[in-house]
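For reference, the chains in residue letters:
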Amino acid sequence: MLTALKTFLTLVVFLILGQTAIHAQVCTTELYTKDIDVQNPKTDFFFVLPGGGTIFGGRAFDNWAQISVVKTMPGGNIVFNKRVEGLDGSAQISRACLTKEKNILIAVGPNLILLDTNGVILKAATTAMSWGFHSVWDIKTDVQGNVFALFTSDGGDTDRYLIAKIAPDLSKILWTATFAPILGSLFQSLLVDDDKVFTVGSYSGWSGDRQDGTALCFSGADGTLIRQVSLTLDGFRTHFQTIHKAKGGYLLKGFYDRRDGPGSDENSAIVRLDDQLRPIKAVRLKNVSFTDPLFIEPDDDGGYYGSYSSAYVTFFHFDKRDSLTWATLHSYYGGFGLGLFAMSPTNLYALEQTSWTIFKTDLNGFTGSCTEIDWPGGSVPITPATVNKTMTARSTLLTLKGLNVAITNRPFLVKAECKTLSTCSSFKIIGQKGICTNDTPVLFKGRRDPGCRLPVQWQILGEPAERSLVNDSTLSVRFTTSGRYQLIGSLTASCQTLADTLTFNVTVSQAALNLGADTTLCAGTSILLNAKKGYVSYTWQDGSADTAFQVTQPGLYYVTVQNACGKDYTDTIRVNPHPPILFDIGADRTKCDADTIQFTAPAGFLNYSWSPGYNISSQNEPSVVVNPTMDTTYFVRAEKTPGCFAYDTVRVKVYHAIPIQLGADQQFCNGDSAVLDAGAGFSSYAWNTGERTQKITARTKGNYSVVGTTANGCKSTDTLIVKDVWPLPSVHLDKNAGLCAGETRVLNAGNFVSYFWQDGSKGGTYTVKDTGTYVVRVTDSHGCIGTDVTVIKAIVPLPTRFLPPDTAICPYGTLTIKPINSFSSYLWSDGSRAPNMTVEKPGFFWLQAENQDGCIGRDTILVNSKECMAGLYVPSAFTPNRDGKNDVFRAQVFGLARKFELTVYNRWGQVVFYTVDQARGWDGKVAGIEQETGVYVWTCRYQLDGSPEKLEKGTVSIIR
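Conventions used here
Residues numbered from 1 in each chain as written. Predicted model: local features only at pLDDT ≥ 70, side-chain atom pairs only at ≥ 80, totals over all residues. Heavy atoms only, no water. Helix = DSSP H or I, 4+ residues; strand = E, 2+ residues; numbered from the N terminus. Buried < 20%, exposed > 50% of the residue type's maximum accessible area, 1.4 Å probe, protein only. Contact = heavy atoms within 4.5 Å. Areas by Shrake-Rupley, 256 points an atom, 1.4 Å probe, with all protein chains shown as cover. Disulfide = S-S within 2.5 Å. Phe/Tyr/Trp six-rings, centres within 6.5 Å; stacked < 30°, edge-to-face > 60°. Lys NZ or Arg CZ within 6 Å of the ring centre and 35° of its normal. Pairing = 2+ DSSP bridges. Salt bridge = Lys/Arg side-chain N within 4 Å of Asp/Glu carboxyl O. Patch = residues over 30% accessible without salt bridge, like charges linked within 9 Å, V, L, I, M, F, W, Y side chains within 5 Å. Axes fitted to C-alpha atoms, helices over the stretch in contact; angles between N-to-C directions. Polar contact = N/O pair within 3.5 Å; in protein donor to acceptor, adjacent residues only side chain to side chain.

Peer 1: Teacher, can you tell me more about the overall build of the protein here?
Peer 2: Tallying secondary structure elements over the protein gives one helix and 83 strands in all. Among the 960 residues that make up the protein, the fraction classed as buried is 46%. Partitioning the intrachain contacts of the protein with sequence separation of at least 6 by distance along the chain shows that 53% fall at a separation of at least 24. Just so you have it, the protein exposes about 46700 Å², and 50% of that area is on carbon and sulfur atoms.

Peer 1: Explain the state of the cysteines to me, please; I cannot follow it from the model alone.
Peer 2: Every disulfide links exactly two cysteines, by a covalent bond between their sulfur atoms. Using the criterion set out here, one finds four disulfides in the structure. A disulfide bridge connects Cys669 with Cys784, and the sulfur atoms are separated by 1.7 Å. Disulfide Cys669-Cys784: torsion about the S-S bond near -100 degrees, hence left-handed. Here Cys784 lies in the loop between strand 66 (772-779) and strand 67 (785-792) and Cys669 lies in strand 56 (residues 666-669), a separation of 115 residues in the sequence. The same class applies to Cys669 and to Cys784, which are both buried.

Peer 1: Help me understand the packing of aromatic side chains, please; the structure alone is not making it clear to me.
Peer 2: Two numbers describe a pair of aromatic rings. These are the distance of the centres and the angle of the planes. Going through the model one piece at a time under the given rule, you end up with 27 aromatic pairs. Ring geometry for Trp757 versus Tyr766: centroids 5.2 Å apart, planes at 25 degrees, classification stacked. Just above the ring of Trp846 sits the side chain of Arg858; from NZ or CZ to the centre is 3.8 Å.

Peer 1: Would you mind showing me how to read the sheet that holds strand 76 (residues 877-878) here?
Peer 2: Two pairing modes exist for strands in a sheet, parallel and antiparallel, and in both the strands are linked by backbone hydrogen bonds. Strands sit in the order 76-83-82-78-79 across an open sheet of five strands; the sheet is mixed. Strands at the two margins of the open sheet, each flanked by one partner only, are strand 76 and strand 79 (911-915). Alignment of strand 78 (residues 897-905) against strand 82 (residues 934-944), held across eight bridges, turns out to be antiparallel. Paired with Phe900 across the bridge in strand 82 is Tyr942.

Peer 1: Could you clarify how one ought to interpret unusual backbone geometry in this entry?
Peer 2: With glycine set apart, most residues show a phi of negative sign, and most peptide bonds adopt trans. Note the cis peptide between Ser611 and Pro612, where omega equals -5 degrees. Within the secondary structure, Pro612 is located in the loop between strand 52 (607-611) and strand 53 (623-626). Positive phi, normally seen in glycine, also occurs at Leu170, with a value near 60 degrees. Its place among the elements puts Leu170 in the loop between strand 14 (159-166) and strand 15 (173-179). Overall, the relative accessible area of 3% leaves Leu170 in the buried class. Although it is not a glycine, Asn886 adopts a positive phi angle of roughly 55 degrees. As for its placement among the helices and strands, Asn886 is situated in the loop between strand 76 and strand 77 (892-894).

Peer 1: Can you help me understand the pattern of salt bridges in this one?
Peer 2: Under the definition given, this model contains 15 salt bridges. Between Asp631 and Arg651 there is a salt bridge, and its shortest N-O distance comes to 3.6 Å. Placement of the pair is Asp631 in the loop between strand 53 and strand 54 (632-641) and Arg651 in strand 55 (residues 644-655), with a sequence separation of 20 residues. Of the charged contacts in the structure, one is a salt bridge between Asp677 and Lys695, with a shortest N-O distance of 4.0 Å.

Peer 1: Looking at this model, I keep getting lost on a nonpolar patch on the surface. Mind explaining?
Peer 2: A cluster of nonpolar side chains, contributed by Val911, Tyr914 and Val916, occupies part of the molecular surface with about 290 Å² of accessible area. By secondary structure assignment, the location of Val911 is in strand 79.

Peer 1: Would you mind going over the sheet that holds strand 56 with me for this structure?
Peer 2: With respect to topology, four strands assemble into an open sheet ordered 56-61-60-58, the strand pairing being mixed. Each edge of the open sheet is held by one strand with a lone partner, namely strand 56 and strand 58 (684-687). On average, adjacent strands in this sheet sit at an angle of 25 degrees to one another, irrespective of strand direction.

Peer 1: Please clarify how the environment of Asp275 should be interpreted in this entry.
Peer 2: Along the polypeptide, Asp275 turns up in the loop between strand 22 (266-274) and strand 23 (279-285). By relative accessible area, Asp275 is classed as partly exposed at 43%. The spacing of Asp275 and Lys245 is 30 residues in sequence and 9.3 Å in space, taken between C-alpha atoms. With sequence-adjacent residues up to four places away left out, Asp275 is seen in contact with Gly248, Gly249 and Tyr250.

Peer 1: What is the right way to look at the side chain of Thr72 in this model?
Peer 2: Its place among the elements puts Thr72 in strand 6 (residues 63-72). For Thr72, a relative accessible area of 2% corresponds to the buried category. At a separation of 2.5 Å, a polar atom in the side chain of Thr72 contacts the side chain of Thr54.

Peer 1: Help me understand the pairing of strand 8 (residues 94-98) in this model?
Peer 2: A regular strand carries its side chains on alternate faces of the sheet. For strand 8, the buried fraction is high: four of the five residues fall into the buried class. In this sheet, strand 9 (residues 104-108) lies alongside strand 8 in antiparallel orientation, the contact comprising five bridges. Bridge pairing in strand 9 links Cys97 to Leu105. Connecting strand 8 to the next strand, strand 9, in antiparallel fashion are five residues, including Lys102 with a positive phi near 65 degrees.

Peer 1: What's the story with the environment of Gly119 in this structure? I'm lost.
Peer 2: Considering the arrangement of structural elements, one finds Gly119 in the loop between strand 10 (111-115) and strand 11 (121-129). With relative accessibility at 3%, the residue Gly119 sits in the buried group. As for Gly119 and Val69, which are separated by 50 residues in sequence, their C-alpha atoms are 7.9 Å apart.

Shown next as structure tokens:
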């Protein structure tokens with residue numbers, strides 16, 4: 001027992017920051033200790049339920065095919081002890097965790113069992129793998145409830161591992177990733193952090209005796225290997241056992257072996273990594289072997305709590321700088337020491353490995369009397385290892401199927417745990433019964449049996465006193481109040497309490513006397529010299545015997561006192577007259593309306609006091625800003641030295657300017673305006689338009705602002721906005737000055753809000769029937785007015801008698817009818833709109849014509865039929881000399897010809913001209929060559945309408 005205690009007291013904590021001295025506490029009192037007999041258990045898992053209860057359990061030593069599960073209340077009482085039976089008995093460990101729904105998920109061997117918090121089985125499944133034998137080494141869940149399990153198997157030449165993501169209801173495998181490091185490697189735990197899954201362990205080296213501590217990071221979405229980091233501590237074999245999410249990164253718990261040959265020197269270590277798994281710091285726990293249970297859990301600030309046990313229970317805490325803040329050693333001895341650690345937001349828990357004894361403390365690790373122990377520290381380097389043994393994540397066949405298991409209730413026995421470090425049979429307090437002290441600590445000793453090492457617990461009855469422990473049996477007390485006290489000391493041994501009581505009187509006497517430093521006294525003030533209470537007698541320079549003396553004049557003052565312990569003290573103080581104080585805050589000031597004024601008092605005074613508190617920024621600052629709206633006098637008092645004051649006053653005269661009110665914003669029609677008046681009472685005016693008069697006229701859109709200045713320099717201002725100047729409505733009446741006889745005209749004034757015509761009518765249109773002047777005034781939606789005028793000067797007659805007299809036409813001829821006058825438009829009886837119309841048959845025809853005044857008239861013409869000459873006419877000669885007279889030879893057919901052919905021959909019978917077009921004639925040329933003067937023969941074949949075909953012949957002469 002004592003050897004184990006000595007081992008702990010020599011434990012060394014190595015910090016990356018250098019040498020430090022940390023104090024540990026040795027404690028005997030827990031919040032509770034429960035020794036639970038559940039028939040040969042082995043502790044594999046332990047965690048705290050929401051609300052403070054716990055769940056723990058593991059395989060039974062007598063039957064590895066059975067798993068015990070125990071639930072306790074927050075006070076440590078057992079709710080149930082159950083066993084799950086019917087499992088594979090080859091499993092060496094079991095693991096458990098809480099799911100998203102706060103159910104209990106247990107993994108043992110290849111099996112997964114889901115229980116609710118009442119111990120009822122919800123689901124059970126077993127896994128099958130091509131590797132054959134395999135077992136779950138760790139199990140975790142994410143925030144969605146998915147299950148992540150780390151499987152291991154002995155593959156023969158290598159140790160192989162598999163991580164599987166399983167659906168929350170254990171119904172299917174979502175993905176698997178395997179990695180197979182070389183023989184001797186070991187991976188033991190998982191961490192799920194958001195969308196990443198971590199596992200840590202060690203790689204074995206080529207020689208078999210080298211190990212690199214290794215962390216692997218996989219994608220939680222598909223199992224892809226994201227990152228691999230390998231490290232060694234101090235250059236020695238390193239293994240990481242667990243990984244934890246901490247503020248700003250991760251924490252690794254593990255150990256490293258400093259052996260130089262046979263044997264071992266294995267040291268537990270805690271390594272801090274950043275969020276990219278890069279090493280930052282390491283804490284080394286010397287002589288804490290990897291076989292000793294060591295556990296950590298991060299806190300919210302970047303530090304972490306932990307538990308270590310061998311023959312004793314130790315709780316500790318490191319802050320975010322990896323400095324040890326406290327550690328407590330608890331006097332418990334049993335079995336193989338505590339095996340597991342857990343924590344809640346308010347408590348720390350530990351669970352003994354074999355007897356299932358629960359320890360619970362607060363977050364300081366203790367609640368009873370403790371003895372401080374010095375705990376030295378050092379440093380250890382971190383060496384990144386060369387990553388040359390790359391792991392490749394790949395899929396491996398893993399299947400799930402249902403599993404039939406049974407659960408039974410088991411008996412249990414709970415008892416209070418009470419064990420002692422050594423035999424202690426007597427106890428007595430050693431101390432004085434009459435004490436006179438002047439702030440000096442008084443020591444009390446607890447006398448124990450030789451060899452008794454149980455710490456003494458102390459209690460003082462009476463007025464409060466300051467106390468501290470010198471060691472586990474000595475108490476130091478500093479009394480602050482005289483009186484009668486009772487001191488109780490006790491220790492617990494062999495499940496009984498040994499106690500002693502000492503009653504004593506304390507007289508607390510003043511020690512040193514101090515009237516203070518020499519000072520000054522302002523005229524009309526006083527100073528109280530206080531020797532303070534607590535002495536037996538007081539003698540001042542004038543013989544008075546009070547505790548204090550009132551000084552009203554400068555001089556030398558002194559007092560002699562005697563305390564309760566019979567010792568005299570004397571002190572002297574000189575009080576000098578205070579010199580005159582110069583203090584001036586300036587002349588009186590004037591201001592306008594809302595203007596502010598700043599006053600700054602001289603510096604070098606203890607405090608300042610301004611009054612009144614009317615519209616002032618502060619009443620106790622040397623510099624203040626005031627903005628009174630009426631005449632105000634401000635007073636300031638400043639204290640130069642305690643009790644010595646200076647004073648000054650300043651008057652603020654406030655002038656007011658008449659407010660300017662330009663009125664509401666405006667808008668008006670084009671041509672209108674607004675008169676803006678700033679009002680009287682100002683000595684000058686300044687408009688933003690550049691004008692300097694009291695009134696201005698606004699005619700355009702925009703902002704109009706004015707500043708009026710009074711004779712005292714105070715200013716008033718206002719702004720008016722002319723939002724819009726609307727254009728006047730545009731009216732366009734028909735300006736045609738003539739009106740067709742017998743017709744009317746509609747004058748359209750357009751689309752407006754209202755109308756007013758010259759005769760008082762109010763319609764949008766006006767019908768005109770006679771000559772005259774017509775006027776309309778319109779108003780639009782803005783109220784703007786527009787006008788227009790049109791004049792009808794004459795009644796214009798309609799066009800008449802503009803076609804020629806009736807006429808006649810040959811049956812085979814055409815006739816073009818033309819009006820006598822020109823018009824703006826035409827419409828003939830056949831629908832054409834041309835100026836002329838050609839007719840081929842007799843009939844009755846009309847033309848409707850519109851003149852320049854827009855007046856429309858109609859006239860008619862009768863075309864009769866007449867008898868005309870019929871037959872063929874051919875001239876006997878022509879003169880093709882290009883004088884425009886008789887230059888072309890033609891044959892004319894009178895009548896309607898249905899067929900026509902004209903042929904001309906020369907004297908040799910050659911054809912020199914041929915045509916079937918009556919309008920075409922011969923110009924006396926052949927192929928552009930003029931023919932000789934002479935006689936030429938012609939033939940003409942033609943047929944008139946209704947007559948037989950005829951052929952006539954003759955001659956024609958060319959005369960040049």
